Amino acid sequence: MSTRSPAHPPCAKAPAALVGLLTGGAAGFLLTETVGAFSAFVLGRALDVAGTGGVLLAAFVAVPLICAVLGAVIAVRRAEQNHRSHNRGR
């Protein structure tokens, strides 16, 4: 007989994943906007997304997506840890 707690059902992880996805995506968007604002106001040079051959555009799309996926993964892992720590005392 195993002493491990049963795994979280997938439907219980969905709210945590959704919140992590939205939070991570928002953080990634804020990061790209901060880089753009820093470049424009501090460095005095606006970023030319069209003139870089698509590399800068790809970065501005990829950063929020990567942050969103990382946010979802982190949120699901934290939800699992909280679930395990609450079941330990029973």
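Residues numbered from 1 in each chain as written. Predicted model: local features only at pLDDT ≥ 70, side-chain atom pairs only at ≥ 80, totals over all residues. Heavy atoms only, no water.

Caption draft 1: A look at the pattern of salt bridges. Scanning the entire structure with this criterion turns up one salt bridge. For the salt bridge of E80 with K13, the shortest nitrogen-to-oxygen distance reads 2.9 Å. Placement of the pair is E80 in helix 2 (residues 55-88) and K13 in helix 1 (residues 10-42), with a sequence separation of 67 residues. Using a relative accessible area of 24% as the deciding quantity, one classes K13 as partly exposed. (Salt bridge = Lys/Arg side-chain N within 4 Å of Asp/Glu carboxyl O. Helix = DSSP H or I, 4+ residues; strand = E, 2+ residues; numbered from the N terminus. Buried < 20%, exposed > 50% of the residue type's maximum accessible area, 1.4 Å probe, protein only.)

Caption draft 2: Region of interest: a nonpolar patch on the surface. A cluster of nonpolar side chains, namely F38, F41, V42 and L43, defines an oily patch on the protein surface of about 500 Å² accessible area. Along the polypeptide, F38 turns up in helix 1. Its relative accessible area of 46% is what places F38 among the partly exposed residues. (Patch = residues over 30% accessible without salt bridge, like charges linked within 9 Å, V, L, I, M, F, W, Y side chains within 5 Å. Areas by Shrake-Rupley, 256 points an atom, 1.4 Å probe, with all protein chains shown as cover.)

Caption draft 3: Molecular detail of the environment of A16. Following the sequence through the fold, A16 ends up in helix 1. Sequence separation of A16 and R78 is 62 residues, and the distance between their C-alpha atoms is 8.6 Å. The contact partners of A16, leaving out residues within four places of it in the chain, are A75 and A79. (Contact = heavy atoms within 4.5 Å.)

Spatial relationships are all this shows, so hold off on functional conclusions.
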